[in-house]
Amino acid sequence: MHKDPLLETDLYYDVVVIGGGIVGAGVFRDLSLNGVKVLLVDKKDFSSQTSSKSSKMLHGGIRYLENMDFDLVFEALHEKNLWLKLAPHLCYESAFYMPVFKDSLRPKWMIKIGLFLYDLLSSFQNSPHSMANKEETKKALPHIKSKGLSGAGIYHDAIVDDARLTIEVILDGLEESNSRAINHIGLESFEFVGHRVNVNLKDELTSNTKTIQCKEIVMATGPFTDEILSTHPQLNWKKKLLPSKGSHIWLKKGSIDISSPLVMTPNDGRVIFVIPQKEHILVGTTEENHNGSLFDLTPNDSEIDYLLDNLDQYFPDAKVTKEHIIGKFAGIRPLVSEGDSDKAKTARHHKYYQPRNNLHVIMGGKYTTFRIMAKDVAQNICAKLGFTYNSILSKKPLRIIPNFKPFSGTQATPEQIEKIKSQEFVRTDEDLMRRISVTD
Ligand SMILES: Cc1cc2nc3c(=O)[nH]c(=O)nc-3n(C[C@H](O)[C@H](O)[C@H](O)COP(=O)(O)OP(=O)(O)OC[C@H]3O[C@@H](n4cnc5c(N)ncnc54)[C@H](O)[C@@H]3O)c2cc1C
């Protein structure tokens, strides 16, 4: 990529999308597919914030069943099963065990009903759930605590490389020649001038600045949105987010003897996933209120202790300690408040606001539902700009030839690395690491 990509980009776009996490990537792709000339920018690397800090699952959200959020679960399950077809090299379906103990909050019969409902809401596209007895559960999860174990429910969700899927969604949008995507470009300010928006951008690596004109501006800045909009002199933006931090740790392979992902359901009502991959085991997540800077967060000691304590309760013989941790990361859930503090209830529904006719703010939702979020925005903008919106286009497989297959068990070759450097917006060493590692 050119050293000064901002300086060489056009002065005019139909739409500027701010924020290159999965939501901005989805809006960029959908608008580009429909012929709109779009510029996508991110202050940091694409997908370097929340969209590479998730539990790395495409899922319906089994725990939302308890809140009766059936529409959300239905939508997310259908999206999960769609992406398994659209990007099979970046996600795969896996069985998840939900162990049940004599003193578990949810007894076996309740789990069975829940898992049936989960499959029903997927229109039976999920591989079917089943129930395991104690011996079968011990076989799949040899290290699990025996005392009080009565068995497990088994259901199916998908595991995804969240950072790479975001990049490949952007690359797919770039197949349309009119559009452009540049990382490390921050939004400094923007003004509404007549029917246009002047967008003042700054290259965070070179400090070059440039003003781009557009008809519509999209804020896909997830947890950062309130910070950007609440100080804007032409807007009367009331803060809408309830920043909630979630942390994960990566354990060395073999720290716990398990052959399948599982869900731990501690008595505080949370859920913690333990997901073995080829080389590592992912454990998370926590849930903490967060104040202060939202960029580049790390887990704190109490979050790590919380995860280790829960592992100890489920796997007392494994004796997992801080020594087994080989990596950690944290992100902020962009939970949107609906005027009450019941986060679990309001949490994952996405919200689309239009505080001005040509300002589109999309936030909340889940990684899994990004295509639907993008569709809401793209459909509206296409109608406004006089483009015919075709909803089938975003349901087509990604058209690019992948440079790297994260779950293949192989490392990127020097040849692949050269391709990634020249084709995948690599501007810093960290950008390159994010493209070729699943443990970000
Ligand atoms: C701990 C945790 C676990 C999760 N697990 C899952 C899961 O397993 N499955 C699932 O479906 N969902 C999950 N989620 C939710 C999911 O990760 C988020 O909903 C999704 O990633 C949000 O994407 P986004 O694009 O809105 O935000 P982000 O990915 O944060 O993107 C916003 C972008 O805006 C950029 N930005 C900010 N300010 C500026 C500026 N001034 N100028 C330009 N750019 C700017 C940032 O750099 C950032 O890249 C999880 C979330 C968390 C926190």
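Residues numbered from 1 in each chain as written. Predicted model: local features only at pLDDT ≥ 70, side-chain atom pairs only at ≥ 80, totals over all residues. Heavy atoms only, no water.

Peer 1: Describe the overall build of the chain, with residues and values.
Peer 2: Summing up its helical and strand segments, the chain has 11 helices and 18 strands in all. What you see for the chain is a C-alpha radius of gyration of 22 Å, in line with the 22 Å of a compact globule of 440 residues. Projected onto its principal axes, the C-alpha coordinates of the chain cover approximately 70 × 50 × 40 Å. For the chain, with 440 residues in total, the buried portion stands at 58%. Counted over contacts in the chain with a minimum sequence separation of 6, partners at least 24 positions apart contribute 72%. Distance between charge centroids for the chain: 2 Å, based on 55 positive and 55 negative side chains. (Helix = DSSP H or I, 4+ residues; strand = E, 2+ residues; numbered from the N terminus. Rg over C-alpha atoms; globule rule 2.2 N^0.38 Å. Buried < 20%, exposed > 50% of the residue type's maximum accessible area, 1.4 Å probe, protein only. Contact = heavy atoms within 4.5 Å. Lys, Arg positive; Asp, Glu negative; His and termini not counted. Charge placed at Lys NZ, Arg CZ, Asp CG, Glu CD.)

Peer 1: Describe the site of the ligand, naming the residues involved and giving the relevant values.
Peer 2: Every one of the 38 residues lining the ligand counts as a neighbour, but D42, T50, S51, M57 and T368 are closest to it. Here S51 contributes a side-chain N or O atom positioned 2.6 Å from an oxygen atom of the ligand. H59 is positioned such that a nitrogen or oxygen atom in its side chain is 3.4 Å from a nitrogen atom of the ligand. Calculation on the ligand without its partners gives an accessible area of 1,000 Å², and the protein chains cover 96% of this total. Counting only elements with at least two residues in the shell around the ligand, the list comes to helix 1 (22-33), strand 8 (185-193), strand 11 (244-252) and strand 16 (325-333). (Near = heavy atom within 4 Å. Polar contact = N/O pair within 3.5 Å; in protein donor to acceptor, adjacent residues only side chain to side chain. Areas by Shrake-Rupley, 256 points an atom, 1.4 Å probe, with all protein chains shown as cover.)

Peer 1: Any chance you could break down the side chain of T285 for me, citing the residues and the numbers?
Peer 2: Following the sequence through the fold, T285 ends up in the loop between strand 14 (280-284) and strand 15 (288-289). T285 sits in the buried class, given a relative accessible area of 9%. Every residue in contact with T285, bar those within four places of it in the chain, is listed here: S55, G246, S247, H248, R270, V271, I272, F273, Y306, L307 and R333.

Peer 1: Residue-level account of the domain arrangement of the chain, with values.
Peer 2: One can read the domain layout of the chain as domain 1 (12-51 + 163-241 + 346-436) and domain 2 (80-159 + 243-333). Averaged C-alpha coordinates put domain 1 and domain 2 at centres separated by 30 Å. Carbon and sulfur atoms supply 69% of the area buried between domain 1 and domain 2, which totals about 2,000 Å² over both sides. When residues of domain 1 are sorted by the area they lose upon contact with domain 2, P223, F224 and F407 head the list and together hold 26% of the total. Along the contact surface separating domain 1 from domain 2 lie 1 salt bridge. The closest approach of N and O atoms between K44 and D296, which form a salt bridge, is 2.8 Å. Run the count over domain 1 and domain 2 and you get 3 residue pairs in polar contact (both at pLDDT 80 or more). Broken down by secondary-structure element, the contributors of at least two residues to the side of domain 1 that touches domain 2 are helix 5 (162-174) and helix 9 (370-385). With 4 residues, the single largest contributor to the side of domain 1 that touches domain 2 is helix 5. (Domains from an automatic or database assignment. Buried area = accessible area lost by both parts, 1.4 Å probe. Salt bridge = Lys/Arg side-chain N within 4 Å of Asp/Glu carboxyl O.)

Peer 1: If you had to explain unusual backbone geometry to someone new, which residues and values would you point to?
Peer 2: Trans is the common state for peptide bonds, and a negative phi is the common state for residues other than glycine. Positive phi, close to 55 degrees, is recorded for S123, a residue that is not glycine. Within the secondary structure, S123 sits in the loop between helix 3 (108-121) and strand 5 (130-132). Classification of S123 as partly exposed rests on a relative accessible area of 41%. For F124, which is not glycine, the phi dihedral falls at a positive 60 degrees.

Peer 1: Describe the packing of helix 10 (residues 414-423) against helix 11 (residues 429-436), listing the residues and the values that go with them.
Peer 2: Any two packed helices are characterised by the angle at which their axes cross and by the distance between the axes. With their axes 11 Å apart at the nearest point, helix 10 and helix 11 run at an angle of 120 degrees to one another. As judged from the angle between their axes, helix 10 and helix 11 are oblique. Crossing hand, helix 10 versus helix 11: right-handed. Of the residues in helix 11, those in contact with I417, I420 and K421 of helix 10 are L432, R435 and I436. (Axes fitted to C-alpha atoms, helices over the stretch in contact; angles between N-to-C directions. Parallel < 35°, antiparallel > 145°, perpendicular 65-115°, else oblique. Left-handed = near helix turned anticlockwise from the far one by under 90°.)

Peer 1: Give me the pairing of strand 10 (residues 209-219): which residues, what numbers.
Peer 2: Here strand 1 (residues 12-18) runs beside strand 10; their pairing, made up of 6 bridges, is parallel. By the bridge assignment, Y12 is partnered in strand 10 with Q213. Across 6 bridges, the pairing between strand 9 (residues 196-203) and strand 10 is antiparallel. Of the residues in strand 10, the one forming a bridge with N200 is T211. Between strand 9 and the antiparallel strand that follows it, strand 10, lie 5 residues; S207 among them carries a positive phi value of about 70 degrees. Pairing of strand 10 with strand 18 (residues 359-364) involves 3 bridges; the strand directions are parallel. (Pairing = 2+ DSSP bridges.)

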